[in-house]
2 protein chains.
Amino acid sequence: MTANTASNRAISQDDIDYFARIGINIVYASEQQLEAKYNTDYFGKYHGSSQAVLFPTTTEEVSKILAYCNEHKIGVVTQGGNSGTAGGAIARQSEVILSLRDMNKVRDLDVISGVVVAESGCVLAELDEHVREAGYIVPVDLGAKKRCMIGGNVSTNAGGLRYLRYGTLHGNVLGLEVVLADGRVLDALFSLKKDASGYDVKQLFIGAEGTLGVVTAVSIALAPKPRSSQIAVLGLSDFGKIQKAFVLARQNLGEIISAFEFWERRCNELVVQYEKNPSPLASPHEFFVMIETRGSFERHDVEKMDAYLEVLAAEGLVEETKVFRDADEMERTWLFRSQMAEAHAKSGCMHVYDFSLPSRYQHDLLVAVKKHLTDAGLYGVAGAPVRDVTIFGHIGDDNIHLQVVADEYGGIVEEVMEPWVYEWVGSHGGSVAAEHGLGMHKGKFLKYSKSPVVIDTMKSIKQMLDPNGIMNPGKHVERA
Amino acid sequence: MTANTASNRAISQDDIDYFARIGINIVYASEQQLEAKYNTDYFGKYHGSSQAVLFPTTTEEVSKILAYCNEHKIGVVTQGGNSGTAGGAIARQSEVILSLRDMNKVRDLDVISGVVVAESGCVLAELDEHVREAGYIVPVDLGAKKRCMIGGNVSTNAGGLRYLRYGTLHGNVLGLEVVLADGRVLDALFSLKKDASGYDVKQLFIGAEGTLGVVTAVSIALAPKPRSSQIAVLGLSDFGKIQKAFVLARQNLGEIISAFEFWERRCNELVVQYEKNPSPLASPHEFFVMIETRGSFERHDVEKMDAYLEVLAAEGLVEETKVFRDADEMERTWLFRSQMAEAHAKSGCMHVYDFSLPSRYQHDLLVAVKKHLTDAGLYGVAGAPVRDVTIFGHIGDDNIHLQVVADEYGGIVEEVMEPWVYEWVGSHGGSVAAEHGLGMHKGKFLKYSKSPVVIDTMKSIKQMLDPNGIMNPGKHVERA
């Protein structure tokens with residue numbers, strides 16, 4: 001299969017001259033300059049060796065670039081905010097980087113139907129700010145919101161913090177504009193909610209991590225801006241109590257729950273230590289839970305939350321509870337939660353795993369990983385290379401993040417962890433990537449959670465849409 | 001393209017013998033018997049000439065059937081409840097019918113995570129009843145729920161009555177089991193909410209109307225069963241007031257709105273006349289609106305509804321209001337709404353159109369259609385073949401149903417209506433099929449609402465997954 005050969009050639013001065021001639025903005029910098037901004041991922045784990053970054057400003061420019069690259073078999077890596085954790089936006093070799101940074105216009109905002117059409121380079125937080133003025137919010141939110149871009153969110157099928165309430169991008173994205181590998185523009189920028197006219201072609205590009213084409217614009221169904229919001233943070237003594245608290249939250253808070261996050265003691269300590277943020281609770285606890293509600297009627301929401309907290313207390317599920325209703329306090333609490341990944345990364349070399357896993361197995365996973373690393377002599381003894389093993393995640397979405405913080409990236413720790421941990425997750429009904437994507441090297445682990453016919457069909461789709469294998473070569477499923 | 005030739009041969013006695021030998025239940029009836037149940041659609045508009053219906057009971061049997069049909073180039077039409085309105089489940093010629101009626105097991109119901117895995121032949125109402133016992137509901141609901149089957153709902157990408165609250169099947173379906181045209185089983189029966197590991201292959205089959213493979217089982221994220229529900233029916237004097245009432249409902253009812261339906265005076269009259277159901281309101285009105293809320297706390301929900309109705313009254317938007325909180329009354333009101341299509345069908349030959357259309361154009365469409373038919377001498381004068389032109393639909397989903405009830409199906413009325421009405425809808429930003437699918441003959445109108453590159457990509461997908469063109473031949477996009 002040609003798509004698997006990744007036999008693309010490196011970019012030449014002739015190519016650069018061509019791009020300059022057709023008016024594309026180019027950074028053709030020394031390796032050092034590129035390295036810092038475009039050849040290294042946010043957490044410093046992945047390094048590419050791209051020689052040039054292109055900054056198209058229009059869909060037409062993207063179309064010309066891809067038509068040329070396809071003809072000349074030049075690999076293309078599309079980059080948004082470069083905030084991914086799986087290396088999907090980093091060149092494996094010398095592929096040209098296509099940055100969508102300068103395609104950042106909001107093309108349309110329908111204030112009656114609540115639909116925005118935005119170019120891929122719109123920074124998520126800025127887009128959210130923009131639609132808030134019209135009474136809406138973007139229905140996806142994540143820690144990297146000030147850096148990530150909406151095209152990247154769609155291309156990685158980002159889940160994030162309020163998935164529990166607003167659901168998947170497969171439901172919220174109404175339309176896409178995509179430039180295909182051969183330069184043709186697939187205009188599927190539909191803006192209405194229901195459509196049953198033919199195969200839903202746009203779905204293929206949600207989560208394709210730039211391997212099938214370049215998403216240049218997205219049409220998204222917005223959610224109404226909440227009139228009332230509040231946060232409760234709970235301290236609990238064991239994982240089983242988190243699950244009980246969640247079931248009770250669904251019963252008591254019902255339709256107003258907007259997030260139900262948890263993290264463990266060590267995660268809390270790392271944020272306090274490395275981000276200099278005070279803990280939201282006065283005492284240490286084995287587990288922390290953060291519940292947010294969003295509703296339309298403050299008095300009702302407060303009443304529901306108070307009733308819920310009373311139930312929790314009566315059931316003896318919590319050691320400490322604090323409720324935040326002031327906007328600044330709520331923002332600080334979210335900041336604390338969203339700095340968790342960065343705090344880990346500051347404490348050492350963070351091997352981050354992002355699994356879907358039935359919640360009944362999530363704590364078992366933590367125990368199994370610690371045992372596995374201890375048995376290998378890598379954890380729990382003086383001088384061992386693994387400093388921390390932690391979990392945090394999104395209860396209710398069955399999405400858990402596992403961090404193994406070590407002295408270095410890769411090496412013996414990665415060898416002992418992989419593919420062991422992917423096999424463990426697959427055999428417990430999970431997925432090897434819940435919301436971070438496959439990126440640089442998870443494609444080969446896909447077989448632990450996907451059946452052969454599914455993987456074969458993915459390869460056929462890749463072959464159909466990118467026969468020359470120029471789109472993000474060597475990434476994603478093609479290395480499975 | 002072979003997929004376009006539809007050059008499949010008719011089924012022979014040898015084929016029947018083979019199916020019997022491998023243990024498939026077969027109805028190989030006289031045309032008359034078949035005609036009534038399997039060769040005619042629910043509203044009696046479409047007629048096929050299939051000679052045999054197969055009733056597999058397992059995925060393995062479906063796999064054997066398709067492998068054989070693919071090898072022998074025998075066309076296959078998959079049928080669930082045969083309640084579609086677009087003729088998608090009716091054979092065009094002599095294709096064999098594959099009924100999933102006997103694949104009706106609930107394979108799994110996870111009461112903690114709220115996910116059901118059900119075979120395609122489960123009748124929607126029965127599946128809903130089953131999961132209600134565990135505190136959940138199926139997040140799709142439609143008038144035909146006692147007849148339609150979940151596999152058909154997925155295959156037509158059914159939207160239905162509570163889309164506004166629970167969203168699209170592209171978001172709620174977590175996994176599918178599909179038998180591909182060549183008999184391979186695509187096991188994508190994932191049951192967790194987040195997955196970003198590779199292309200979301202299952203999405204292709206949602207809304208494919210059996211043209212890419214046979215959906216044999218589905219995994220669906222359920223919604224919690226509401227603790228409290230209420231319905232308000234409003235009588236209004238013009239269409240603009242419906243839109244105002246909707247905007248106010250979003251503000252005042254917020255997260256508890258679960259449906260916002262409208263219909264016009266004539267629709268109300270037809271249900272009263274043909275279904276012998278009393279009108280939910282005492283007086284006649286130009287337009288009726290039915291609002292349902294579903295929540296977790298009855299007192300709060302009642303308070304929100306009362307406040308909303310006060311706002312409506314203060315703004316002078318309604319002529320009459322009635323609130324239903326008794327379970328039987330609510331069921332009767334839903335029955336009234338859900339009998340609308342059938343009442344039209346009983347009053348004459350119903351040409352039904354199912355559009356996504358920005359709500360600001362919906363009433364314009366009705367006016368334009370009436371004028372167009374009047375100009376052609378087909379409506380509004382004594383003896384004209386068109387008896388009624390009506391609209392009803394789902395406000396907030398931008399989904400409108402247009403009915404043209406005539407003395408006969410097809411003929412001059414269809415000639416005058418089509419493609420004119422599809423062109424009108426496409427040029428106003430709509431879609432030619434919102435939730436009923438393309439079915440028998442809407443494929444050729446797809447060009448009015450989809451761009452050529454999108455249609456080309458659909459054709460490539462069809463070619464990739466069904467190179468011999470045996471799956472529901474002559475339907476859907478391949479005739480575009």
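All residue numbers refer to position in the chain's written sequence, counted from 1. Think of it this way: whatever chain is written first is A, whatever ligand is written first is 1, and the rest follow in order. For this predicted model, a pLDDT threshold of at least 70 governs which residues receive local features, and a threshold of 80 or more governs which side-chain atom pairs are given and counted, while totals over whole chains, interfaces and linings are taken from all residues. Water and hydrogen atoms play no part in the side-chain values, which are based on all heavy atoms of the structure.

By the naming in an unreviewed UniProt entry, chain A is D-lactate ferricytochrome c oxidoreductase, taken from Coemansia interrupta. Listed in UniProt under the heading Sequence similarities (unreviewed entry), the comment for chain A reads: "Belongs to the FAD-binding oxidoreductase/transferase type 4 family." Turning to chain A, the UniProt record has this under Cofactor (unreviewed entry): "FAD". UniProt positions are given in the numbering used here, feature names are shortened, and annotations may be inferred rather than shown by experiment.

### Focus: the overall build of chain A
For the purposes of this entry, the term helix denotes a DSSP run of H or I that reaches at least four residues, the term strand denotes a run of E that reaches at least two, and both are numbered from the N terminus. Tallying secondary structure elements over chain A gives 16 helices and 18 strands in all. Radius of gyration: over C-alpha atoms. The globule rule applied is 2.2 Å multiplied by the number of residues raised to the 0.38 power. Over its C-alpha trace chain A gives a radius of gyration of 23 Å, about what one expects of a compact globule, namely 23 Å for 480 residues. With respect to the principal axes defined by its C-alpha atoms, chain A has extents near 70 × 60 × 45 Å. Across the 480 residues that make up chain A, the buried fraction comes to 61%. Contacts are assigned to residue pairs that have any heavy atoms within 4.5 Å of one another. The long-range share in chain A, meaning contacts at least 24 apart out of those at least 6 apart in sequence, stands at 73%. Computed with a 1.4 Å probe, the accessible areas rest on the Shrake-Rupley method; for each residue, only the protein chains presented here act as cover. In the form shown here, chain A has an accessible surface area of approximately 16600 Å², with 49% of it arising from carbon and sulfur atoms. None of His or the chain ends enter the tally, which takes Lys and Arg as positive and Asp and Glu as negative. Charge positions come from single atoms, namely NZ of Lys, CZ of Arg, CG of Asp or CD of Glu. Distance from the positive charge centre (48 side chains) to the negative charge centre (62 side chains) of chain A: 1 Å. For every residue, the accessible area (1.4 Å probe, protein chains only) is compared with the maximum for its type, and the residue is labelled buried under 20%, exposed over 50%, or partly exposed between those bounds.

### Remarks on the nonpolar core
Counting residues in hydrophobic clusters, the biggest one holds 181 residues, and the most contacted among them are Phe205 and Tyr308 of chain A together with Phe205 and Tyr308 of chain B. In this structure Tyr308 of chain B touches Ala245, Leu248, Ala249, Asn252, Leu253, Phe260 and Ile291 of chain B, once residues within four positions along its chain are discounted. To qualify as a nonpolar core, a set must consist of buried Ala, Val, Leu, Ile, Met, Phe, Trp, Tyr and Cys residues joined through side-chain atoms within 4.5 Å.

### Description of the relation of the copies chain A and chain B
A rotation about some axis, followed by a shift along it, carries one copy of the chain onto the other. To line up the copies, we fit them by least squares on C-alpha atoms, keeping just the residues with pLDDT of at least 70 in both. Placing chain A over chain B gives an RMSD of 0.0 Å and needs a rotation angle of 180°, together with 0.0 Å of translation along the axis. In short, the pair behaves as if placed about a two-fold rotation axis. Within chain A, Gly171 of chain A has its C-alpha nearest the rotation axis, a separation of 2.2 Å. Interface residue correspondence from chain A to chain B reaches 100%, placing this contact among same-surface, isologous pairings.

### As for the sheet that holds strand S15 (residues 320–324) of chain A
Where strands meet in a sheet, backbone hydrogen bonds hold them as pairs that are either parallel or antiparallel. All names here are of chain A. Across the sheet, 7 strands lie side by side as S15-S12-S14-S13-S17-S18-S16; this open sheet has antiparallel pairing. Strand pairing shows two members of the sheet lacking a second neighbour, S15 and strand S16 (349–356), which therefore form its edges. Ignoring strand direction, the axes of neighbouring strands in this sheet form an average angle of 15°. Here an axis means a line fitted to C-alpha atoms, over the contact stretch when the element is a helix, while the angle between two N-to-C directions is reported on a 0 to 180 degree scale. Along the sheet, helix H8 (residues 239–253) contacts strand S12 (228–236), strand S13 (257–264) and strand S14 (287–295); its crossing angle with S13, the most-contacted strand, is approximately 170°. Its contacts with the sheet put helix H15 (residues 420–427) on S16 and strand S18 (399–406), and the angle it makes with S16 is roughly 20°. Note on pairing: two strands pair once DSSP finds at least 2 bridges between them.

### Side note on the sheet that holds strand S8 (residues 173–180) of chain B
All names here are of chain B. The sheet built from 5 strands is open, its strands ordered S5-S6-S10-S8-S9 with antiparallel pairing. Of all the strands in the sheet, the pair left with one neighbour each is strand S5 (106–110) and strand S9 (185–188). Pairwise comparison of adjacent strand axes, ignoring direction, gives a mean angle of 10° for this sheet. Pairing analysis gives 4 bridges linking S8 to S9, with the strands arranged antiparallel. Across the sheet, residue Val178 finds its bridge partner in S9, namely Leu186. Strands S5 and strand S6 (115–119) of the sheet are contacted by helix H5 (residues 124–132), whose axis makes an angle of about 35° with S5.

### Looking at the UniProt feature "domain: FAD-binding PCMH-type" (unreviewed entry) in chain A
Under the UniProt annotation, "domain: FAD-binding PCMH-type" (unreviewed entry) lies at residues 46–225 of chain A. Measuring from the first to the last C-alpha atom of residues 46–225 of chain A gives 37 Å, for a span that is 21% helix and 26% strand.

### Some remarks on the interface of chain A and chain B
In this complex, chain A contributes 88 residues to the contact, which on the side of chain B involves 89 residues. Interface area, chain A with chain B, both sides summed: about 6600 Å², of which 57% is carbon and sulfur. Only one rule defines a salt bridge in this text: a Lys or Arg side-chain nitrogen within 4 Å of an Asp or Glu carboxyl oxygen. Our enumeration of links across chain A and chain B arrives at 10 salt bridges. For the purposes of these results, a polar contact is taken to be a pair of N or O atoms within 3.5 Å, where, inside protein, one atom must be able to donate a hydrogen and its partner to accept one; residues adjacent in sequence count only when each atom of the pair is a side-chain atom. Taken together, the links from chain A to chain B amount to 42 residue pairs in polar contact (both at pLDDT 80 or more). For the side of chain A that touches chain B, the secondary structure elements donating two or more residues are helix H6 (163–166), helix H7 (169–172), strand S9 (185–188), H8, helix H10 (298–314) and helix H16 (452–465) of chain A. Per element, the largest residue contribution to the side of chain A that touches chain B is 10 residues, and it comes from H16 of chain A. Amino acid classes used here: Ala, Val, Leu, Ile, Met, Phe, Trp, Tyr, Cys and Pro are nonpolar; Asp, Glu, Lys and Arg are charged; the rest, including Gly, are polar. Residues that form the side of chain A that touches chain B fall into these classes: 32 nonpolar, 33 polar and 23 charged. Summed over both partners, the accessible area (1.4 Å probe) lost when two parts come together is defined as the buried area.

### Topic: helix H4 (residues 59–71) of chain B
All names here are of chain B. In this model, H4 (13 residues) spans 18 Å end to end at C-alpha, consistent with the 18 Å of a helix rising 1.5 Å per residue. The set of residues buried in H4 consists of Thr59, Glu61, Val62, Ser63, Ile65, Leu66, Tyr68, Cys69 and Asn70. Lys73 sits one or two residues past H4 and shows a positive phi near 50°. Multiplying one less than the number of residues by 1.5 Å gives the expected span of a helix.

### Points about the confidence of the model for chain A
The score called pLDDT rates the predictor's confidence residue by residue, from a low of 0 to a high of 100. Here chain A averages 94 in pLDDT, while 98% of its residues score no lower than 70. A low-confidence stretch, residues 1–5 of chain A (pLDDT under 50), is modelled with 11 contacts involving residues beyond four sequence positions or located in other chains.

### Regarding H16 of chain A
Compared with the 20 Å implied by 1.5 Å per residue over 14 residues, the 20 Å span of H16 of chain A between its first and last C-alpha is a close match. What H16 of chain A keeps buried is the set Val453, Val454, Ile455, Thr457, Met458, Lys459, Ile461, Lys462 and Leu465 of chain A.

### Quick look at empty space enclosed by the protein
Residue and element names in this part refer to chain B. With a 1 Å grid laid over protein atoms only, a set of points is called a cavity when a 1.4 Å probe fits there but cannot get out and a pocket when it is open yet has protein on both sides within 12 Å along at least five of seven lines; lining residues have an atom within 4 Å of a point. Grid points are joined across faces, edges and corners, and a volume is the space filled by probe spheres set on the points. What the rule picks out here adds up to 3 cavities of 30 Å³ or more. Taken together, 16 residues line the largest cavity, and the ones lying closest to its centre are Lys45, Tyr46, Thr85, Ala86 and Val352. The leading source of residues in the lining of the largest cavity is strand S16 (residues 349–356), at 4 residues. Partitioning the lining of the largest cavity into residue classes produces 8 nonpolar, 4 polar and 4 charged.

### Let's talk about the packing of aromatic side chains
Centre distance within 6.5 Å is the pairing criterion for rings of Phe, Tyr and Trp, where only the six-membered ring of Trp is used; planes under 30 degrees apart are then read as stacked, over 60 as edge-to-face, and the remainder as tilted. Evaluated as defined, the whole model comprises 28 aromatic pairs over all chains. Seen from their ring centres, Trp263 of chain A and Phe288 of chain A are 5.9 Å apart, and the 5° between their planes marks the pair as stacked. Of this pair, Trp263 of chain A sits in strand S13 while Phe288 of chain A sits in strand S14, and the two are 25 residues apart along the sequence. Where Phe246 of chain B meets Phe260 of chain B, the ring centres are 5.0 Å apart and the plane angle is 75°; that geometry is what we call edge-to-face. One end of the pair, Phe246 of chain B, is in helix H9 (residues 239–253); the other, Phe260 of chain B, is in strand S13 (residues 257–264), and 14 residues separate them in sequence.

### Concerning unusual backbone geometry
For the peptide bond that leads from Glu418 of chain A to Pro419 of chain A, omega is 5°, which places it in the cis range. Mapped onto the secondary structure, Pro419 of chain A falls in the loop between helix H14 (411–417) and H15. One non-glycine residue, Asn82 of chain B, lies in the positive phi region at around 50°. Considering the arrangement of structural elements, one finds Asn82 of chain B in the loop between strand S3 (76–79) and strand S4 (96–99). Classification of Asn82 of chain B as buried rests on a relative accessible area of 6%.

### Structural notes on the pattern of salt bridges
Inspection of every chain in the model, using the stated rule, returns 58 salt bridges over all chains. Taking the shortest distance from any N to any O, the salt bridge between Lys194 of chain A and Asp397 of chain B comes out at 3.3 Å. Placement of the pair is Lys194 of chain A in the loop between S9 and strand S10 (213–221) and Asp397 of chain B in the loop between strand S17 (386–394) and strand S18 (399–406), with the two residues belonging to separate chains. Considered together, Lys194 of chain A and Asp397 of chain B belong to a single accessibility category, that of buried residues. What you see here is one network of salt bridges that share partners, running through Asp141, Lys145, Arg162, Glu292 and Arg294 of chain A.

### As for the domain arrangement of chain A
Residue and element names in this part refer to chain A. What fixes the domain bounds is an automatic or database domain assignment. Here chain A is described as being made up of domain 1 (2–102 + 462–479), domain 2 (106–224), domain 3 (228–340) and domain 4 (348–449). The centre of domain 1, based on its C-alpha atoms, is set 22 Å off from the matching centre of domain 2. Facing 24 residues of domain 1, the contacting portion of domain 2 comprises 26 residues. Both sides together, the interface formed by domain 1 and domain 2 hides about 2100 Å², and carbon and sulfur atoms give 65% of it. Looking at the side of domain 1 facing domain 2, the largest losses of area belong to Thr59, Leu465 and His476, adding up to 29% of the total buried there. Scanning the region where domain 1 abuts domain 2 turns up 0 salt bridges. Seen at the junction of domain 1 and domain 2, the total is 8 residue pairs in polar contact (both at pLDDT 80 or more). Element by element, the count of residues in the side of domain 1 that touches domain 2 is highest for helix H3 (residues 59–72), at 6 residues. Within the side of domain 1 that touches domain 2, the residues separate by chemical class into 9 nonpolar, 11 polar and 4 charged.

### Focus: the environment of Arg107 of chain B
All names here are of chain B. Within the element layout of this structure, Arg107 appears in strand S5. Classification of Arg107 as partly exposed rests on a relative accessible area of 35%. In sequence terms Arg107 and Arg266 are 159 residues apart; their C-alpha atoms lie 44 Å from each other. Here Glu177 takes part through its side chain, which lies 3.1 Å from a polar atom of the side chain of Arg107.

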